[in-house]
Amino acid sequence: MTKRIVIGIDGGGTNTRVLLMDEDGNELNRYDGGSALSDAPASPVDLDAIETAVVQAFAAARFDLPGAALCAGLAGVGRELQRRAVGAALSARGIAEHVEVITDAEAAFFDAIEDGPGILLIAGTGSIALGRAEDGRVARVGGWGTLIGDEGSAYDIGAQALRVVARAADGRVAETQLLPRLLADLELSSPDDLIAWAAEAKKAEIAALAIKVVELAEAGDSQTEAIVDGAVDSLATHVAALLARLGPWQATPGCALAGGLIAPGGSLRAKLSAALADQQCYVLDQQVDAARGAARHALESLRA
């Protein structure tokens, strides 16, 4: 290879997705590795996993390291000090000549909107919305984490489902098919067993309950219908807040939807699109690729 190679990374709790791109913007190779997140409180990012994924991506494509530039869009690096620390640590690994660390949401936004006006709403395990106004102003709504935010996310839906199941077991709310469904799927013998399960469950395990909630809501279960409707309302509110904060708009902005719940084919995409029809935006029909956004960001730094 005579052309320089840039590396885009989309790193989250499930996968580390690596995309290699040449300096002309052509995609060269992709590789999916394990989780990019660490269980160590002092270090939210698994540097070994990221390095391994990059090395494997280069090896599979028969390219030589280091890359010319690397941009890593990572979950768990919301603070500038975290991004700098992770960036310095990745630089020390020698896998790229220039390294930049941004959030996974920023990488997705760069792919969805690039440098123009618009909005990106993400609803996967967590939830966040990013927007850019016509005059270049940027703003964020949501992204506050599981304890005080992430409304409308898969984790939020799963956590609400557990609360509804507890209330149903007590007789405080109407019966729901969610109770026997969760007990069967989680292989628990009684509602009391949910206490220990929830205390030990990982974030991804609670988020995975959202699939069961949506399925039962579509089957007409009233309790789960309320959870799903509330999630859709919460996500639509994210967009409404950005539209208000970044307005006035001379032209109707596009809104890209990303994340397992609302990306093309996602279980809540149709409901959310209908809810957004009443707002001053239109839903973009595209698949958002955070690894591609990170690679494009790395390419920009190479050209600067």
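Chemist: Would you mind showing me how to read the side chain of Asp-221 here?
Modeler: For Asp-221, the position within the fold is in the loop between α8 (209-218) and α9 (222-246). No salt bridge is formed by the buried Asp-221. Its closest oppositely charged neighbour is Arg-181, at 9.7 Å. Within the structure, Asp-221 has its side chain in polar contact with the backbone nitrogen of Gln-177 (distance 2.9 Å). One polar contact links Asp-221 to Thr-224, side chain to side chain, over a distance of 3.0 Å. If near-sequence neighbours (up to four positions away) are discounted, Asp-221 is found in contact with Thr-176, Gln-177, Leu-178 and Leu-216.

Chemist: Help me out: how do you make sense of the layout of surface pockets in this one?
Modeler: Where empty space is left in the structure can be found by rolling a water-sized probe over the atoms. Size it by volume and the second largest pocket reaches roughly 170 Å³. Lining the second largest pocket we find 12 residues, and of these Lys-3, Arg-4, Ile-5, Asp-64 and Pro-66 sit closest to its centre. Of the residues in the lining of the second largest pocket, the class split is six nonpolar, one polar and five charged.

Chemist: Whenever I open this one, the sheet that holds strand β3 (residues 27-33) confuses me. Can you help?
Modeler: Two pairing modes exist for strands in a sheet, parallel and antiparallel, and in both the strands are linked by backbone hydrogen bonds. With mixed pairing, five strands are arranged side by side in an open sheet as β3-β2-β1-β4-β5. Looking at which strands have only one partner, the edges of the open sheet turn out to be β3 and β5 (96-103). Within the sheet, the average angular offset between the axes of one strand and its neighbour, ignoring direction, is 15 degrees. As paired strands, strand β1 (residues 5-11) and strand β2 (residues 16-22) are joined by seven bridges and run antiparallel to one another. Its bridge partner being in β2, Ile-5 is matched across the sheet by Asp-22. Where helix α1 (residues 47-61) meets the sheet, its contacts fall on β1, β2, β3 and β4 (67-74), and the angle it forms with β2 comes to roughly 45 degrees. Across the sheet, helix α3 (residues 104-113) touches β1, β4 and β5, and the angle it forms with β5 is around 100 degrees.

Chemist: What is the right way to read the side chain of Thr-103 from this model?
Modeler: Relative to the helices and strands, Thr-103 resides in strand β5. Given the relative accessible area of 15%, Thr-103 is considered buried.

Chemist: Before we go on, may I ask you to explain the pairing of strand β7 (residues 127-132) in this structure?
Modeler: The two faces of the sheet receive side chains in turn, since in a regular strand these alternate between them. Extensive coverage of β7 is indicated by the burial of six of its six residues. Residues Ser-127, Ala-129 and Gly-131 of β7 are buried on one face, and the alternating residues Ile-128, Leu-130 and Arg-132, pointing to the opposite face, are buried as well. Alignment of strand β6 (residues 118-123) against β7, held across six bridges, turns out to be antiparallel. Counted as the bridge partner of Gly-118 is Arg-132 from β7. The loop that links β6 with its antiparallel partner β7 comprises three residues. Both β7 and strand β8 (residues 138-142) contribute to a ladder of five bridges, which runs antiparallel. Following the sheet pairing, Gly-131 is matched in β8 by Ala-139. Counting the residues that bridge the hairpin from β7 to β8 gives five residues, and of these Gly-136 lies at a positive phi of roughly 95 degrees.

Chemist: Help me out: how do you make sense of the nonpolar core in this one?
Modeler: Nonpolar side chains tend to gather and get buried jointly when the protein is soluble and globular. Membership of the largest hydrophobic core comes to 51 residues, with the highest contact counts inside it found for Leu-121, Ile-157, Trp-197, Val-239, Ile-262, Leu-268 and Leu-272. If you tally residues by element for this core, the top one is α9, at 10 residues. Non-local contacts of Trp-197, meaning those with residues more than four positions away in its chain, are made with Leu-162, Leu-186, Leu-188, Glu-205, Ile-206 and Leu-209. Ala-107, Ile-113, Ala-256 and Ala-294 belong to the second largest nonpolar core, which has 28 residues in total.

Chemist: Would you take a moment to explain helix α2 (residues 80-92) for this structure?
Modeler: Since the α-helix turns once every 3.6 residues, residues separated by three or four places project in the same direction. For α2, which comprises 13 residues, the first-to-last C-alpha distance of 18 Å matches the rise-based estimate of 18 Å (1.5 Å per residue) to within 8%. Of the positions making up α2, those classed as buried are Gln-82, Arg-83, Val-86, Gly-87 and Leu-90. Relative to the axis of α2, the buried residues are bounded by an arc of 130 degrees and lie together on one face. Turned more than 90 degrees away from the buried face of α2, the exposed residues are Leu-81, Arg-84 and Ala-92. Immediately beyond the C-terminal end of α2, within one or two residues, lies Gly-94, with a positive phi of roughly 75 degrees.

Chemist: I would appreciate a short explanation of the sheet that holds β8 in the present structure.
Modeler: On the basis of which strands lie adjacent, the open sheet formed by five strands has the order β8-β7-β6-β9-β10 and mixed pairing. Edge positions in the sheet fall to β8 and β10 (282-283), since each of these pairs with one other strand and no more. In this fold α9 packs onto β6, β7, β8 and β9 (254-258), with an angle of close to 155 degrees to the strand it touches most, β8. Against the sheet, helix α10 (residues 269-276) contacts β6, β9 and β10, and its axis sits at roughly 160 degrees relative to β9.

About the thresholds
- Residues numbered from 1 in each chain as written.
- Predicted model: local features only at pLDDT ≥ 70, side-chain atom pairs only at ≥ 80, totals over all residues.
- Heavy atoms only, no water.
- Helix = DSSP H or I, 4+ residues; strand = E, 2+ residues; numbered from the N terminus.
- Buried < 20%, exposed > 50% of the residue type's maximum accessible area, 1.4 Å probe, protein only.
- Lys, Arg positive; Asp, Glu negative; His and termini not counted.
- Salt bridge = Lys/Arg side-chain N within 4 Å of Asp/Glu carboxyl O.
- Polar contact = N/O pair within 3.5 Å; in protein donor to acceptor, adjacent residues only side chain to side chain.
- Contact = heavy atoms within 4.5 Å.
- 1 Å grid on protein atoms, 1.4 Å probe; cavity = no way out; pocket = protein on both sides within 12 Å on 5 of 7 lines; lining within 4 Å.
- Points joined across faces, edges and corners; volume = space filled by probe spheres on them.
- Nonpolar A, V, L, I, M, F, W, Y, C, P; charged D, E, K, R; others polar.
- Pairing = 2+ DSSP bridges.
- Axes fitted to C-alpha atoms, helices over the stretch in contact; angles between N-to-C directions.
- Core = buried A, V, L, I, M, F, W, Y, C linked by side-chain atoms within 4.5 Å.
- Expected span 1.5 Å × (residues − 1).
- Arc of directions from axis to C-beta.

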